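Here is what each chain is made of, one letter per residue.
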Amino acid sequence: MAMTVAGCSNENSNGPETAGPPNTMDSHDDHAGHAHPSEGPHHGDLIELGNEEYHAEILHDDDAGTVTIYVLNGAATEQVSIDATEVTINAKHDGKPEQFTLTASPDTNDPQGKSSRFVSNNEELAHHLDEEGADPRLVLTINGKSYRGTISHDHDHEGHDH
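Remember, it's a predicted structure, so these values are computed and weren't measured experimentally.

Parameters at a glance
- Residues numbered from 1 in each chain as written.
- Predicted model: local features only at pLDDT ≥ 70, side-chain atom pairs only at ≥ 80, totals over all residues.
- Heavy atoms only, no water.
- Helix = DSSP H or I, 4+ residues; strand = E, 2+ residues; numbered from the N terminus.
- Contact = heavy atoms within 4.5 Å.
- Buried < 20%, exposed > 50% of the residue type's maximum accessible area, 1.4 Å probe, protein only.
- Pairing = 2+ DSSP bridges.
- Axes fitted to C-alpha atoms, helices over the stretch in contact; angles between N-to-C directions.

K.L.:
Lay out the environment of proline 41 in plain terms, naming residues and giving numbers.
P.N.:
Along the chain, proline 41 falls in the loop between α1 (2–34) and β1 (45–49). Residues proline 41 and threonine 77, 36 residues apart in the sequence, show an inter-C-alpha distance of 6.2 Å. Look past the residues within four positions of proline 41 in its chain and what remains in contact with it is Glu57, Leu72, Ala76 and Thr77.

Written as structure tokens, this is what we have:
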């Protein structure tokens, strides 16, 4: 009889264990609701500016040789128009610093005299962004405050030791 009671106790302890995973999933879902997007609204890589005051999204088309930057809000969900006529990307090539200018190319919703989109047709920049050791950084001014953001591009080998 003692063994039968022990068997019942084990069955009862299995009940609460099966209730555990849904709680774990709920906690994960709550956390995911507060997370930032992993890519921008145009499916580009995100660049944090300031203490997440703003973000920028970078897209580069190697075939066309273009690089496009979109200035985004702190949540990285909407474009923000700024007064700048250009933004800059600093990168290293063969250990030497280089500077590239992206000029304002206002989007259809940007007010007169402002832009949320900046474009470069410099094929050299498009290629340098993918070079190891390029350490590219975006530099821009928003409402009189200068921001710098590190540009990182997702590669399949990221996270591996080189």
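Don't stop here, the text continues.
K.L.:
With reference to specific residues and values, describe the pairing of strand β3 (residues 66–72).
P.N.:
Counted residue by residue, β3 has seven buried out of seven residues, so it is predominantly covered. Across the two faces of β3 the burial is the same, with Thr66, Thr68, Tyr70 and Leu72 and Val67, Ile69 and Val71 all buried. As judged from the seven bridges shared by strand β2 (residues 54–61) and β3, these two strands associate in the antiparallel manner. For histidine 60, the partnering residue across the bridge sits in β3 and is valine 67.

K.L.:
Break down the environment of isoleucine 89 for me, citing the residues and quoting the values.
P.N.:
Examined against the element boundaries, isoleucine 89 turns out to sit in strand β4 (residues 86–93). Between the alpha carbons of isoleucine 89 and isoleucine 69 there is a distance of 10.0 Å; along the sequence they are 20 residues apart.

K.L.:
Explain unusual backbone geometry residue by residue, including any values.
P.N.:
Residue aspartate 135 is not a glycine yet carries a positive backbone phi of 45°. Assignment of secondary structure puts aspartate 135 in the loop between α2 (123–128) and β7 (137–142). You can call aspartate 135 partly exposed: its relative accessible area is 34%. Non-glycine residue asparagine 143 carries a positive phi angle of around 50°. Inspection of the secondary structure assignment puts asparagine 143 in the loop between β7 and β8 (145–150).

K.L.:
Go over the sheet that holds β4, please, and point to the residues and values.
P.N.:
An order of β1-β2-β3-β6-β5-β4-β7-β8 is seen for the eight strands of this open sheet, with the pairing classed as antiparallel. Since the sheet does not close on itself, it has two edges, and those belong to β1 and β8, each with one partner. Going across the sheet, the axis of each strand differs from the next one's by a mean of 25°, ignoring polarity. In this sheet, strand β6 (residues 117–120) lies alongside strand β5 (residues 96–104) in antiparallel orientation, the contact comprising two bridges. Bridged to alanine 104 within β6 is phenylalanine 118.

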